[in-house]
Structures are given as C-alpha cells and as structure tokens.
Amino acid sequence: MTFLGMPPFPQAAREALGDTQLRRNLAHATATIRAKRAAVVAEVPEWEELRRAGAAIKDNTLRQLDRHLLRLERSLTDHGVTVHWARDAAEACDVVGRIARSHGVDEVVKVKSMATQEIGLNEALAAQGVTAWETDLAELVVQLGDDLPSHILVPAIHRNRAEIREIFLSKMEGTDPELSDEPAELAAAARRHLRQKFLSARMAVSGANFAVADTGTLVVVESEGNGRMCLTLPEILVSVVGIEKVVPTWADLDVFLQLLPRSSTGERMNPYTSTWSGVTPGDGPQEMHVVLLDNGRTRALADEIGRQALRCIRCSACLNVCPVYERTGGHAYGSVYPGPIGAILNPLLKGVGTDAQTDSLPYASSLCGACFDACPVRIDIPEVLVHLRSQVVDVRRGPRPHAEAVAMKAASWTLARSGRLRIAERVSAVFSRLGRRRLPGGRRAVTRLPWPGSLWTDARDLPAPPAESFRKWWRRDERS
Amino acid sequence: MKVALLVTCVNDALFPETGKSVVRLLRRLGVDVDFPDAQTCCGQPMVNTGYLDEAVPVVRTFAKAFDGYDAIVTPSGSCAGSVRHQHGIVARRGNDERLAAASSKVFELSEFLVDVLGVEDVGAYFPHRVTYHPTCHSLRMLRVGDRPLRLLRAVRGIDLVELPAADECCGFGGTFALKNTDTSVAMGADKARHVRETGAEVLVAGDNSCLMHIGGLLSRQRSGVKVMHLADVLAGTEGER
C-alpha cells in the first residue's frame, strides 16, 4: 500500500516542490479537472441531497457490513462465482497467484484497480513468474516508465505528453520511431500494443467500484473501454474487491453513478459502465473469482470518527481541489492513495505509531477544508485529520517527550492562566525594538531568528512584538 | 445583551491594534463590549496539532472566562470556528460538557455585525485600493459567505478589487506553517503573487494569523503591499486618517 523507503511527507514534499515540470504539469491538470467538475456539479440542483444520500447509504451499509458481505457471498456463489476472503495483502496476492498457476497462466491483463495497487499485486505475481499488463492508458504509462502512480484516477498526472512519448519510444515494443506527442497518436500507439494483450491473455484481474449484495453484481466504471475488453475476452476473471465496496441493492447504484463521474472526471456520465452478475454460460469468462479484501478496513471501521473514510468511492475530487496535493503531487504521500483521502486512509488502514512516514500524513494538510466541500460522500476529511493527529500524539506520549511535545506542554501551561500569559507578554515586549526591517505602514519586523523560529523567518518576515499587549492596554485605558 | 470580546491570543500578543479596532467599532455601533480579563486562547493550536490533553486546561479557562455572557465576538474566523466546532472534542476528552458551553455563543466579527446587529454600512472611510482574501475557516468552517465583502463595499472611498483564486488557502494552517514549511511557503507564494496581480495597496482578511503569513512573504518580496485586518479597515472614519 505504501511505497518502500519513502521519507516522511515534509521531506518528500520539499523535493517535489523543486520539480519545475511536476509543478507545471499538476497545476495545469488539476486546474482543468477542477473547472470541469465545478461546471457539471453546478448543473445538478439536488447535488447536496445526492451527497447526503450517498453518505447515508454507505453509513447504513457499514453499520451492518457483516450481514451485507454474507449476502454478497451467497449471491455470488449462487451465480457460479468462487468467493475468497483475504485478511491482508499477502493472502489476497496468494489467492490470485494460485488461480493463475493452477491454469498455467503466465500473463494476465488488468483493469485499472486501486485495490490491486494497494496490495502490490503486480509485484507479487511477477515474483511467481506471472506478468501483469496494465491496460488503462495512464497505468500503462506508469508501468512502462517503471514509475509509481501519483493520482487515484489519473495515475500519470505528473507526466506531460512529451514525457509519455519518450516512455513509449523507449519501453513499448514495436513503437513507431516517428511517433509524435499528439494525444490521439499516443493513444493509438498504446491501443495497438494493448490489442495483442487482450486477444492473447487467458486471465484478467479487475477490481470493482461497487458490489451489489442482493444481485451479486460487480460494477466497473471506466473511460477507455479497456476494462470492458478485460472483463469479456479472457476465460478467467478474478476481481479483488475491498469489503467496503458492497452496496445492498441495485437501486443504490442510482445515487453513486450520478455522484462518481461528475466528481471524478467531471463528466455527466462515464463512457463505460460494466456490470456482471456471475458466469453466463457461453458468454464472457467462464470461471470467475471474487477476492473480498480486508487489509485494514475492519481496523478503520472500528474507529468511530475515522470510519467515514470507508465511504470513499475513489473519485479523486479531494486531490484535485487540494492546494497541498496540487503543489507536491502524489508521490510525496508515499502511497497509492495520495492527497487528502490518502492522508487519512493510510493511517486508518495501517494504524498510527507503526512508522514515521504514515504518522506524518495527517499533518500534510493546512486544514483548509476544500476536500470536504468537494467530497461526493461528505467525508469530513479535516475532522478525521485532526482526530488522527491526536492519535499520533497519544501513541508517542512517554516519559521522554520530544521538542514539540515540550513546547505544547509549555504553551498549555502558560495559556491555562491569564496571569501567566500576561507575564509572557511582558517578556516578549522586551523584544519590541527588535528587527531593522519596516513592514509597509512602519511596524518593525524580524527577518532572521534561530531555530525553530527560522522555520518561519527563512522565507517570511515576522512582525516584532508590540510594546504593549491588548490586555495591558485594556487594563490601563478601558477598565473603569 | 452582554457582549464579550474574544480578542484571541495572536491578536492580544502580536496585533493589539486589531483588538482596539473592534472595541472602537462596536462602541461606535452602540455595543458596550467587555473584555473578560481571564481569557487566554481558544485552544486551537493544541487541538489542531493533536494535543488534546494539553487543550483541556486551556479550554477550561476559556469556558470560565466567558461564562455569563450572551454573545462572544471575535476578529478571527479561525478561532470562532475552533470554539464552535472543536470545543466539543475537547469537552469529550476532558469528560466535562461545560467546556463546550461557549460553542453556540461565538460570532466572527462579520457575522456579528451583519447577522446580530443587522448593519452593513458601519460608517467607515478608507480611501485605498483594497483586495480581500476570504480565510479558509471563515469560508468553509463558518460559512460567512460574502458578509465581509458586503461590509467592505459599504466603506466610503474604498476601491475594492477582486483577488484571483481568492478561495484558495494561503498555506498558513497554524503549525502546518512550521511542520510543512516548504509546502506552506509554496502556497503562500502563489497567494502573494495573486495579491500583487491586483495592484492593491492593502490586502484585507478576517484573520491576522493568515495575514502574518501572507504579509511576511509580501514584505520579504518588498512588494509594498500592506496587510490589514477587516476590523482595522472598518474602525477607521473620516478625519482619523
């Protein structure tokens, strides 16, 4: 789920911020998709009601998740699907690998799927001698470039078309050396490459956007048609589905199929929606498996405030509106789930206190709240971020507190009594003549402080403290 | 109606003029505002950094200081948001529901002026080219909407120009400005660029903490743009400046 060896967010972000091409690609791509989303959301007068409905369906389902999952298992089994339960990534990868090996398959085609990225399926299959081909165009770019995804919906958002052309020329066999960087030509080149894979692969691996419990229907929502090819051409289909993807009835899809495309691609309707309910004799894959994946979801479910993150339908709206994501890109989050949702989902799935990288994620936000406003299922991401920060702090409490904890304790002690604050302000007034710079208007400013003040003054001037606090002025002038 | 001023720790210690502006403005509008001397801080720095145990004594002091008042006015969207939406969290942690007693009584300055007092023209005069940055917590936590802009539009002499990408965060974010200083500055640099693009002499906002960040960058760039709290603009009248 997380990329190995990633430094905590602040360090990873620092490097990303210095990447001029990345900054430009992201600013352009997120601005475009933000504008598209805003336009199609504004068309729907009942958008707020839809958001509330989406959140309510998910919450009600999560409240009785065990019941809905057993119902899903029964429906799937009734329709000839083999259901597997996977506690974690290793179990899930093992199931998929065993199915491939039992059929002597050494090549599988893949539908774009976050769950399989999360469990590192491609790498696990490769270790067992099975090659997994990503067939989504952007996933293909990432795979060929030996790169990591940086966005949930558009994993190659950090690449521009010139970079994609270079990747195709050097990594995609049989690419015409005359290939230009026109998007249509790039897509055509990828299509020629992928067509062979679709026609030769005997096994496909997918995820699912939704799993309908009462009909045993899996749903894949996509834009390119590659998913449809994977879901219909091979003989064997294995779908890895997070347990939070279940919805009780077919009617519930109505809400989500309106919320999802408008929030993710900024379209009224997505180009391809594939639904299948088990095996149809003589048509499509004749052997189907569904791997129901936990991998930390029950841990997240146990968190009363954090569990709302399991409503997520992986639309990426929160990434596209996030001012932090727009500047740092997805790799800085060190996970296949980047951006605001990644900053809460990773610590919820893994638990805080396991590694410094995960613990840094809840702090990778200015708490501006743009993500909550954009979320189609009303996940209050800032609320969960603050909640997770308190978990990070609590898990680190111990006999030898670090510098930040000492500073917070000192601040808490000072602010617990106004008399103590008054003394602190009297001390700070001593420094009111500090600083030679004048701010517009004439006030003195400090331009350089020792650490930790340098964290501020390295880039920002700081107004010098006033000679008299408000409190002191009030006592002198106003109290009568 | 007994009205208390929550001046906020940042204004008390660093921007006392803003507190004085609120007092002057409210008195001009006939409100006898009091400053409960026992107040310190709303606890937001601790809560937002994850230090809930440390927030409990601070919020307890807060609740006691403002006990007995009908309304609490504050020149900070962020602190108003903290009192309204986070004191409940601290109350749960401290196992004392009285800690959240102030939540329903707090008003950000523009809310108090427009919703409680019902005024938009406060009789201010400010003959300068001004642009306004809506701070995130006033915009998305409190939903103050265009109240601050309605107040500014009624100011005589003002040349109010629109800020591009106004509703995008400036990157301050409390301890975010120190813990993720590079990202914070990258966001602030874009905000400062947008401010400069307007040709405004003065950037106005409803939170001095955000203004300290944007203003710190604008000063480092020698942009010549001054930052001012909304209260400081609204308090000024003809003949004073």
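Since this is a predicted model, take the numbers as computed values, not measurements.

A word on the overall build of chain A
Right, on to step 1. Helices and strands together make up the secondary structure of chain A, namely 23 helices and 13 strands.
Right, on to step 2. Dimensions of chain A, computed from the C-alpha atoms along their principal axes, are close to 90 × 55 × 50 Å.
Right, on to step 3. Counting every position in chain A, which comprises 480 residues, the buried fraction comes to 49%.
Right, on to step 4. Long-range pairs, those at least 24 residues apart, make up 73% of the contacts in chain A between residues at least 6 apart in sequence.

Examining the domain arrangement of chain B
Residue and element names in this part refer to chain B.
Right, on to step 1. Looking at chain B, the domain boundaries give domain 1 (3-116) and domain 2 (129-235).
Right, on to step 2. The centre of domain 1, based on its C-alpha atoms, is set 21 Å off from the matching centre of domain 2.
Right, on to step 3. The interface of domain 1 with domain 2 comprises 26 residues on the first partner and 22 residues on the second.
Right, on to step 4. Secondary-structure elements contributing two or more residues to the side of domain 1 that touches domain 2 are helix H1 (9-13), helix H2 (16-28), helix H3 (44-49), helix H5 (77-94) and helix H6 (109-116).
Right, on to step 5. For the side of domain 1 that touches domain 2, the leading source of residues is H2, giving six residues.

Thoughts on the UniProt feature "domain: LUD" (unreviewed entry) in chain A
Right, on to step 1. UniProt tags residues 71-293 of chain A as "domain: LUD" (unreviewed entry).
Right, on to step 2. Secondary structure across residues 71-293 of chain A comprises 40% helix and 22% strand; the distance between its end C-alpha atoms is 16 Å.

Here's the deal with the domain arrangement of chain A
Right, on to step 1. We note that the domain assignment places domain 1 (44-295) and domain 2 (403-478) within chain A.
Right, on to step 2. The straight-line distance from the C-alpha centre of domain 1 of chain A to that of domain 2 of chain A is 54 Å.

Observations concerning the confidence of the model for chain B
Right, on to step 1. On average, residues of chain B score 97 in pLDDT, and 99% of them are at 70 or above.
Right, on to step 2. The complex prediction reports pTM at 0.97, with the ipTM value standing at 0.97.

Regarding the packing of helix H16 (residues 339-350) of chain A against helix H19 (residues 381-396) of chain A
Residue and element names in this part refer to chain A.
Right, on to step 1. Contact geometry for H16 and H19: axes closest at 10 Å, N-to-C directions at 40°. In this view, H16 runs oblique relative to H19, as classed from their interaxial angle. As for the relative orientation of H16 and H19, their crossing is left-handed in sense. Seen from H16, the contacting residues are Pro340, Ile341, Ala343, Ile344 and Pro347; seen from H19, they are Ile381, Val384, Leu385 and Leu388.
Right, on to step 2. Taken together, the residues that form the contact of H16 with H19 break down as nine nonpolar, no polar and no charged.

Quick notes on the UniProt feature "domain: Lactate utilization protein B C-terminal" (unreviewed entry) in chain A
Right, on to step 1. Under the UniProt annotation, the feature "domain: Lactate utilization protein B C-terminal" (unreviewed entry) is placed at residues 396-477 of chain A.
Right, on to step 2. The distance separating the terminal C-alpha atoms of residues 396-477 of chain A is 46 Å; by composition the span is 46% helix and 9% strand.

Considering the interface of chain B and chain A
Right, on to step 1. Of the residues lining the interface, 56 residues belong to chain B; the matching set on chain A comes to 53 residues.
Right, on to step 2. Broken down by secondary-structure element, the contributors of at least two residues to the side of chain B that touches chain A are H1, H2, H3, helix H4 (52-65), helix H7 (136-141), helix H9 (176-179), helix H10 (181-197) and helix H11 (208-220) of chain B.
Right, on to step 3. Among the elements that make up the side of chain B that touches chain A, the one with the highest residue count is H11(B) (seven residues).
Right, on to step 4. The residue makeup of the side of chain B that touches chain A, split by class, is 28 nonpolar, 18 polar and 10 charged.

Some remarks on the sheet that holds strand S13 (residues 462-463) of chain A
All names here are of chain A.
Right, on to step 1. Overall, antiparallel pairing links the three strands, which are arranged S11-S12-S13 in an open sheet. Single-partner strands in this sheet number two, and they are strand S11 (437-438) and S13.
Right, on to step 2. Sheet topology places S11 next to strand S12 (residues 444-446); two bridges connect them, and they run antiparallel. Bridge pairing links Arg438 to Arg444 in S12.

Rules and cut-offs
- Residues numbered from 1 in each chain as written.
- Chains lettered and ligands numbered in written order.
- Predicted model: local features only at pLDDT ≥ 70, side-chain atom pairs only at ≥ 80, totals over all residues.
- Helix = DSSP H or I, 4+ residues; strand = E, 2+ residues; numbered from the N terminus.
- Buried ≥ 20, exposed ≤ 12 C-beta atoms within 10 Å, placed from the backbone.
- Contact = placed C-beta atoms within 7 Å.
- Domains from an automatic or database assignment.
- UniProt positions renumbered as here; feature names shortened; annotations may be inferred.
- pLDDT = per-residue confidence, 0-100.
- Axes fitted to C-alpha atoms, helices over the stretch in contact; angles between N-to-C directions.
- Parallel < 35°, antiparallel > 145°, perpendicular 65-115°, else oblique.
- Left-handed = near helix turned anticlockwise from the far one by under 90°.
- Nonpolar A, V, L, I, M, F, W, Y, C, P; charged D, E, K, R; others polar.
- Pairing = 2+ DSSP bridges.

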